[in-house]
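# Analysis of the macromolecular model
Residue-level listing of the chains:
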Amino acid sequence: MKKTVTLFMSVLLVTLLWAQAPQLISYQASIFSNNNSPVKNKPVGMRISILQGSSTGTAVYVETQRPVSNSVGLISIQIGGGTVVAGSMAAINWSTGVYFLKTETDPQGGTNYTITGSQQLLSVPYALYAETAGSTTAGSTGATGPTGATGAIGETGATGATGAIGATGAAGAGAAVPSLSTVQRDAIASPVAGMLIYNTSTSCFNYYTGSQWIGLGGEPTLWYADTDGDGYGDAANSMLSCPQPSGYLSVAGDCNDGDAGVNPGGTEICNGIDDDCDGLIDNGVGTVFFADADGDGFGDATNTQLACNQPSGYLTNSGDCDDTDDNVYPGATEICNGTDDDCNGAIDDGVGTVFFADGDDDGFGDATNTQLACSQPSGYVAVAGDCNDAYALVNPGATDVCNGIDDNCDGAIDNGACPANPNGTSICSQGVCLLVCSTGYADCDGNTANGCELNVSNDLTNC
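Since the structure is predicted, the reported quantities are computational estimates derived from the model, not experimental observations.

All right, on to the side chain of Thr-202 then. Counting through the fold element by element, Thr-202 comes out in the loop between strand 11 (196-199) and strand 12 (204-208). Here Thr-202 falls in the buried class, since its relative accessible area comes to 10%. Excluding its chain neighbours within four sequence positions, the residues that come into contact with Thr-202 are Thr-182, Pro-220, Leu-240, Ser-241 and Cys-242.

As structure tokens, this is what we get:
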């Protein structure tokens, strides 16, 4: 894509190179892109014409050149030293009227000339004319008038800068742009429109429009020294300049221009240095430490400090749920005290006495229905063994009777429920104690309480 290019041109401080033929006119112009930036170090195609009488007059001389712009977009040529297209510089009679310089430029370095400009030649043509003038005529004196205005600039320059330009012209050394400070430039009483100087205060070319001085390529920029080459400049070490000075950047913010690892884009690390130039040292980096106020070896997760070195009274491990009690910490032994001693989120868990539910209130609990607690819960007892917690007459302390139930919870039904039977055996059957006499004995009186009272071998008639 082509760039739009603007040509700032002027035959500035043109000097006659006249000691030997061919005759030459020094010419300088600055080329800028549409964003007012100089077109640097590029070949530029040019066609130069000298017109007689007016800016659209007859071309008495035409040549082409292809100079290369410098690092600030400036081109310098010697008119008369290019490839001649038409005419001859030596054949121009400078005494016959006025002459204009017409330039046509192709910023791409070819012959597609898209930028055209022209201006009247003043001091240079008449200096050339002085080569053959035998005497000064009225016409020649009139032409010298504009040159006189330029001379006034030389008188104003207390530093003699303008005078130096005149001397160079006489010596035929070529074009020279005066180097002046801003103070010296502003001391010129009547600068001529089109005058170009190099401002030593800003390192910029300044152009006088006829009413004010302007910078070619924009106003000067404040540049910051980047001594350590980290891409950020030192705000305390700056320079105002149009072109970017070597070793300087437009971005400031480096708080230590002697350390490439320290800049606004740096990464903060634990080193006692403000690595990212935010005004804070070691901020946002380091280890999280936890306060251990009770000295039990575990810190409080709600009381932290981010630091590169361990602060006094702080630890790297947390988990203490009560940092005022050195008996409470992760790993402590849980005891019955209403406190979460081991900081597992549960109070008195896994400790205490096993209590048994006593649903029938007979003083004995159900071994299958328990609760571990530090104090006896309501409805629970410390003694288990009840094999029927819905019936108060059934428990380990009850007496087994002949009823088809394990009344004393010993695992046997009706065992021992019938009284012992001398000379026989008592058997509980369907809730009734039955007497079975041993051989040779009989229960003749039907009283089970005295068992098989008769020895039939001794008293056969008793029954």
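Let us now look at the nonpolar core. In this structure, Tyr-27, Met-46, Ile-50, Ile-79, Ile-92, Trp-94 and Leu-101 are the most contacted members of the largest nonpolar core, which totals 19 residues. Sorting the residues of this core by element identifies strand 3 (24-33), strand 4 (45-52), strand 6 (74-79) and strand 8 (99-106) as the ones contributing at least two each. Per-element accounting of this core gives the leading share, 4 residues, to strand 3.

To continue, consider a nonpolar patch on the surface. Nonpolar side chains collect at one region of the surface, where Ile-427, Val-432, Leu-434 and Val-436 lie side by side and expose about 310 Å² of accessible area between them. You can see Leu-434 is positioned in strand 24 (residues 432-437).

All right, on to the sheet that holds strand 19 (residues 314-315) then. As summarised here, the arrangement of the 3 strands in space is 18-17-19, forming an open sheet in which the pairing is antiparallel. Because the sheet does not close on itself, it has two edges, and the strands there are strand 18 (300-307) and strand 19.

Moving on, we come to the state of the cysteines. Covalent bonding between the sulfur atoms of two cysteines defines a disulfide. Evaluation of the coordinates by the stated rule reveals 9 disulfides. Disulfide pairing places Cys-270 opposite Cys-308 at an S-S distance of 2.0 Å. Looking down the S-S bond of the Cys-270 and Cys-308 bridge, the torsion is -85 degrees, so its handedness is left-handed. A residue pair is termed long-range when its members are at least 10 positions apart, and Cys-270 in the loop between strand 16 (248-249) and strand 17 (287-291) and Cys-308 in the loop between strand 18 and strand 19 qualify at 38 residues. Sulfur-sulfur distance for the disulfide between Cys-336 and Cys-374 comes to 1.8 Å. Classification of the bridge connecting Cys-336 and Cys-374 rests on its S-S torsion, roughly -85 degrees, and on that basis the disulfide is left-handed. On the criterion of sequence distance, the pair formed by Cys-336 in the loop between strand 19 and strand 20 (353-357) and Cys-374 in the loop between strand 21 (366-373) and strand 22 (380-381) is long-range, its members being 38 residues apart.

Looking now at the environment of Gly-117. Note that Gly-117 resides in strand 9 (residues 115-120). Remark: the alpha-carbon pair of Gly-117 and Ile-48, spanning 69 residues in sequence, is separated by 9.9 Å.

Right, let's talk about the environment of Ser-241 for a bit. Among the structural elements, Ser-241 can be located in strand 15 (residues 234-241). Spatially, the C-alpha atom of Ser-241 lies 4.8 Å from that of Pro-220, the residues being 21 residues apart in sequence. When neighbours within four sequence positions are excluded, Ser-241 is seen to be in contact with Thr-202, Ser-203, Cys-204, Pro-220, Thr-221 and Trp-223.

About the criteria used
- Residues numbered from 1 in each chain as written.
- Predicted model: local features only at pLDDT ≥ 70, side-chain atom pairs only at ≥ 80, totals over all residues.
- Heavy atoms only, no water.
- Helix = DSSP H or I, 4+ residues; strand = E, 2+ residues; numbered from the N terminus.
- Buried < 20%, exposed > 50% of the residue type's maximum accessible area, 1.4 Å probe, protein only.
- Contact = heavy atoms within 4.5 Å.
- Core = buried A, V, L, I, M, F, W, Y, C linked by side-chain atoms within 4.5 Å.
- Patch = residues over 30% accessible without salt bridge, like charges linked within 9 Å, V, L, I, M, F, W, Y side chains within 5 Å.
- Areas by Shrake-Rupley, 256 points an atom, 1.4 Å probe, with all protein chains shown as cover.
- Salt bridge = Lys/Arg side-chain N within 4 Å of Asp/Glu carboxyl O.
- Pairing = 2+ DSSP bridges.
- Disulfide = S-S within 2.5 Å.

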